[in-house]
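# Structural overview for review
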Amino acid sequence: MTPAAYTATEGGALLVVAIVLPVIGMLAIFALGLRRAERIAYLVLPGGLLVALAIAADVARSGAAVTYVLGGWQPPLGIALRADGLSVTLMVLTAVVLCAVGLVARGSFSTPTDKAEARSPMVFWTLILGLWCALNTVFLGQDLFNLFVALELLTFSAVPLVCLDGRRETLQAALRYLLFALIGSVLYLMGAALLYGAYGTLDLAGLRLLARNDLATSVALGLMIAGLMAKAALFPLHLWLPPAHAGAPAAASAVLSALVVKAPFFIILRLWFDVAPQPANAMAAQMLAWLGIASILFCSVMALRQARLKLMIAYSTVAQLGYLFLMFPLAMASDAPTAWESVGWTGGVLQLVSHALAKASMFLAAGLIAEALGHDRIENLDGAMSVVPISVAAFGLAGLSLMGLPPSGGFVAKLMLLTAATETANWWIAAAILMGGILAASYVFRVLNRAMAAPSSNFACKASIPLYRELTVLGLAICAVVLGFVPLQPFAFLGIGRVGLP
Amino acid sequence: MISSTALYGLCAAGLVAIGLYGLVLHPTPLRKVIAFNLLGSGTFIFFGVAARRGAAAGLLADPVPQAMVITGIVVAFAATAVAVALLLRLAESGGSTLDPGAPDPQDDRPS
C-alpha cells in the first residue's frame, strides 16, 4: 500500500508562501495594532498576487505541476501541496478579485487617523486575509482531510463577514449559513472517514490509484459530494445563500459570491475527476446536471422577482452556479480522451472564472450604487446613471457575461457548454442553457432600464464616490469581457499536471 | 456475538441519525447546535472504527485517524463557539431566535 511518491519541484516552497503569507498578515494585524489593519492588508494583497503570478509562470514555463511535500514526509503519512494548471488559474483569479475588492473596500472599511479604531474594519481585513489563506489551501491541498480543515477555515472566515454590520437579519442569515455549512462539512468528514477505512489513505493521488468501484467508495463519494453541494448552494440546498450574500456589506458579498462558493465546487471537481473510479456513475452525473438545471431556472425566476438589487444579484449567483454542474454529464459523454480535454469541462471551468469576475464586479457596482443613492430598491434606481455612470456601465458589462452575450467570458463559457450539450445529445441541458440566458437578460435589463431612466424630481445624491473605486469595478467587468476573446477550444494550460497524476 | 468494532460502528450510526434528525427538523437554533455536536461525535466514532480496523498497515490500531479526530474535535468546538456567539448576539438584539426565512423586505437601508 505505497501510493506513488511525490517529488518536490524547485519552486515548491512558493506554494507554502502562498498559504502562509495571508496568515502572517493576520498575525501582523494583531501584533502591530488593529489601526494598521488596512495598511497591512495593502502590503499583503499585492504580495499575494505576485506569489500567485510567480507560481502560474512556473507552471506555464515547466508545463508540469509544482509540488511541495511538507517536511519531506511522503503521503500517506505526510501532506503534499500541488499546483496544477487549474489550481493556479483559480489562485490568480482569487488574488485578482481580492485585490480589486481591497481597493473598492478602501472607502467603506478605512480607519481615519483622527478617530478611534472601529471593530468592523479590523474584522473585515483580518477575515479577508483568512479567507485567502483558506482558498489557497483548498486549491493546493492534496489530502482530503487537509481540504476539510481548509473548508472549515473558509466557513469560519465567511460567516462573520455576512453579519459584519450586526443587524438582526444579517445575524440570522449568518446563523443559517453556518448551520448549512456545518451539515455540509460533517457529511464530507463522514465520507472521508469511510474512504480512510476502505483505503487507509486520504491522499488524492493515492486514492486515484487504489479506488475501486464498490459500494463503500460510492457511498463515501456520495456523502462528500452531497455535503459540498450544501456549501456550494446547489438547488435545493441554496436557501441560505440569498439572505447571506445580500445582507453582507457589498465588498464582502463580492468575495463570498465570486470566490467562497467556488471552493466547494472545486473540491467536487477534484473528487469527481481525480478520485472517483472511472468511468464515473452516469446516473449521478445526470442527477447533478438536473439539480443544476433546477438551480438555473428556479433561481433566475426568483432573481427576476426581487425588489432589492443585492438580493437579485444573490439569486443570480445560485443560478449561475447551476451552470457549473452541467459539466459532469457533458464531460463524461464527450469522446475526448480525458475529461479535461473535453469542451464541456473547459466550458464549465471558464464559466467558473468568468462568473467570479463578473459577479464580483456586479456586487461591487451594486454597493457603489447603493452608497450613492442611499438605498438599493430596483424600482427607485432612476438617476443612478447620472451619479455613478461608471458603476452602472460596469454592472452592464458584467451583465453581458451573466447573460452569455458576446463579447464576454460568459458567452464563450455558455457557448462551449451548449456545443458540448448538442454534441452529446443532451437536449435538456441545451434548452436550460438557452432559457437561463433569456432569464438572465430579463433581470439584468430590468435593472439597467431603471438605472438609466431620468432622475425623478426629488432625486438626491447621498454620497459622492471617488473615481478610483468606480474604475476598479469597471476593471473587473472588463476582465470578464476580455475572457470572451479566448479561443473556443480546450486549453492546454488548464490540463497541465492532470494527465498521468503522480 | 457482535464484535466491538461493529458495536462502535452501530453507535456511530445511531448518533449520526439522531444528530441529522435534530439538525434538519428542530426549529430552535440551540438544539440544532447541540444536534450538530451529536452528529460530529458520531463521525468521530467512525474514525475510531477505522482506526480499530487498522486499515493502513494491519497494526493493532492505526494512529492516523486519531490525529484526525483530535483536529476534528477542535474544528467542531470552534464551530460551536461561533454558532453560540451568533446566537447570543441574536438573543441580545431581542425577539425570537427562530429562523424566520428571508430578510425583511420592508427594510430599505443599504447593506
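Note that the structure is predicted; figures quoted are calculated from it, not measured.

### Digging into the overall build of chain A
In terms of helices and strands, chain A carries 21 helices and 2 strands. Taking 2.2 N^0.38 as the reference for a compact globule, 502 residues should give roughly 23 Å; the C-alpha atoms of chain A span a radius of gyration of 22 Å, in line with that estimate. In terms of principal-axis extent, the alpha carbons of chain A reach across some 75 × 55 × 40 Å. Split into buried and exposed, the 502 residues of chain A put 64% on the buried side. Expressed as a percentage of contacts within chain A between residues at least 6 apart in sequence, the contacts between residues at least 24 apart total 81%.

### Quick look at the overall build of chain B
Check the secondary structure of chain B and you find 3 helices and 0 strands. Starting at the N terminus, the α and β elements of chain B follow one another as α-α-α. Of all 111 residues assigned to chain B, the portion counted as buried reaches 32%. Accessible surface, chain B: about 6200 Å² in total, of which carbon and sulfur atoms supply 70%.

### Topic: the environment of R106 of chain A
Position of R106 of chain A relative to the elements: it lies in the loop between α3 (85-105) and α4 (119-140). Look at R106 of chain A and you get partly exposed, because its relative accessible area is 38%.

### A look at the layout of surface pockets
All names here are of chain A. In this structure, the largest pocket occupies an estimated 610 Å³ of space. Along the wall of the largest pocket there are 22 residues; nearest its centre are R119, V123, L127, P160 and L164. In terms of residue count, α4 provides more of the lining of the largest pocket than any other element does, 7 residues in total. Along the lines of polarity and charge, the residues of the lining of the largest pocket split into 15 nonpolar, 5 polar and 2 charged.

### Brief notes about empty space enclosed by the protein
For the structure on display, the rule yields 6 cavities of 30 Å³ or more. Considered as a void within the structure, the second largest cavity measures approximately 80 Å³ in volume. As for the second largest cavity, its lining consists of F148, E152, S185, V186 and L189 of chain A together with F36, G40, T43, F44, G72, V75 and A76 of chain B. The set of elements that each furnish at least two residues to the lining of the second largest cavity consists of α5 (144-162) and α6 (168-199) of chain A together with α2 (29-53) and α3 (63-92) of chain B. Here the lining of the second largest cavity takes 4 residues from α2 of chain B, the largest share from any one element.

### With respect to the interface of chain A and chain B
Contact with chain A, which involves 43 residues of that partner, is made by 47 residues of chain B. Contact between chain A and chain B buries roughly 3900 Å² in total, counting both sides, with carbon and sulfur atoms accounting for 73%. Among the residues of chain A in contact with chain B, R168, L175 and Y196 of chain A are the three that bury the most area, contributing 16% of the side total. The interface formed by chain A and chain B contains 0 salt bridges. Counting across the interface, chain A meets chain B through 2 residue pairs in polar contact (both at pLDDT 80 or more). Elements represented by at least two residues in the side of chain A that touches chain B include exactly α5, α6 and α9 (241-247) of chain A.

### Thoughts on the nonpolar core
All names here are of chain A. With 209 residues, the main nonpolar core has F124, L144, F325, F328, W345 and F395 as its most contacted residues. No other element matches the 21 residues that α6 contributes to this core. If sequence neighbours within four positions are ignored, F325 has contacts with M229, A232, L234, F265, I268, L288, A289 and G292.

### Thoughts on the pattern of salt bridges
All names here are of chain A. Per the stated rule, a full pass over the model turns up 11 salt bridges over all chains. The shortest N-O distance in the salt bridge between K231 and E152 comes to 3.5 Å. A residue pair is termed long-range when its members are at least 10 positions apart, and K231 in helix α8 (residues 215-232) and E152 in helix α5 qualify at 79 residues. As far as the burial class goes, K231 and E152 line up, both buried. When salt bridges with common partners are traced through the structure, they connect R82, D84, R270 and D274 into a single cluster.

### Observations regarding the side chain of T94 of chain A
Relative to the elements of secondary structure, T94 of chain A occurs in helix α3. Discounting chain neighbours no more than four positions away, the residues touching T94 of chain A are W132, L135, F139 and L259 of chain A.

### Focus: the domain arrangement of chain A
Residues and elements named next belong to chain A. Split by domain assignment, chain A resolves into domain 1 (7-142), domain 2 (175-278) and domain 3 (279-487). Taken over C-alpha atoms, the centre of domain 2 sits 23 Å from the centre of domain 3. Of the roughly 2800 Å² buried between domain 2 and domain 3, counting both surfaces, carbon and sulfur atoms make up 82%. Where domain 2 packs against domain 3, one counts 0 salt bridges. Here domain 2 is connected to domain 3 by 6 residue pairs in polar contact (both at pLDDT 80 or more).

### Focus: the packing of aromatic side chains
Residues and elements named next belong to chain A. Under the definition given, this model contains 14 aromatic pairs over all chains. Taking 4.4 Å as the distance between ring centres and 5 degrees as the angle between the ring planes, the aromatic pair formed by Y177 and W240 counts as stacked. One end of the pair, Y177, is in helix α6; the other, W240, is in the loop between α8 and α9, and 63 residues separate them in sequence. In this structure, Y177 and W240 share a single accessibility class: buried. Taking the centre distance of 5.9 Å and the plane angle of 50 degrees together, the rings of W290 and W428 count as tilted. Placement of the pair is W290 in helix α12 (residues 282-305) and W428 in helix α19 (residues 427-451), with a sequence separation of 138 residues.

### A word on a nonpolar patch on the surface
Residue and element names in this part refer to chain B. On the surface, a cluster of nonpolar side chains totalling about 350 Å² of accessible area is made up of L30, I34, V84 and L88. Of all the elements in the fold, those that place two or more residues in the nonpolar patch are α2 and α3. The residue I34 is located in helix α2 in this model.

### Notes on the packing of α5 of chain A against α3 of chain B
Taken N-terminus to C-terminus, the directions of α5 of chain A and α3 of chain B make an angle of 10 degrees; their axes are 11 Å apart at the nearest point. The orientation of α5 of chain A with respect to α3 of chain B, classified from their angle, is roughly parallel. The handedness of the crossing between α5 of chain A and α3 of chain B comes out as left-handed. On α3 of chain B, the residues touching F145, F148, V149, E152, F156 and V159 of chain A of α5 of chain A are M68, T71, G72, V75, A78, A79, V82 and L86 of chain B. Residue classes in the contact of α5 of chain A with α3 of chain B are distributed as 11 nonpolar, 2 polar and 1 charged.

Parameters and conventions
Residues numbered from 1 in each chain as written. Chains lettered and ligands numbered in written order. Predicted model: local features only at pLDDT ≥ 70, side-chain atom pairs only at ≥ 80, totals over all residues. Heavy atoms only, no water. Helix = DSSP H or I, 4+ residues; strand = E, 2+ residues; numbered from the N terminus. Rg over C-alpha atoms; globule rule 2.2 N^0.38 Å. Buried < 20%, exposed > 50% of the residue type's maximum accessible area, 1.4 Å probe, protein only. Contact = heavy atoms within 4.5 Å. Areas by Shrake-Rupley, 256 points an atom, 1.4 Å probe, with all protein chains shown as cover. 1 Å grid on protein atoms, 1.4 Å probe; cavity = no way out; pocket = protein on both sides within 12 Å on 5 of 7 lines; lining within 4 Å. Points joined across faces, edges and corners; volume = space filled by probe spheres on them. Nonpolar A, V, L, I, M, F, W, Y, C, P; charged D, E, K, R; others polar. Buried area = accessible area lost by both parts, 1.4 Å probe. Salt bridge = Lys/Arg side-chain N within 4 Å of Asp/Glu carboxyl O. Polar contact = N/O pair within 3.5 Å; in protein donor to acceptor, adjacent residues only side chain to side chain. Core = buried A, V, L, I, M, F, W, Y, C linked by side-chain atoms within 4.5 Å. Domains from an automatic or database assignment. Phe/Tyr/Trp six-rings, centres within 6.5 Å; stacked < 30°, edge-to-face > 60°. Patch = residues over 30% accessible without salt bridge, like charges linked within 9 Å, V, L, I, M, F, W, Y side chains within 5 Å. Axes fitted to C-alpha atoms, helices over the stretch in contact; angles between N-to-C directions. Parallel < 35°, antiparallel > 145°, perpendicular 65-115°, else oblique. Left-handed = near helix turned anticlockwise from the far one by under 90°.

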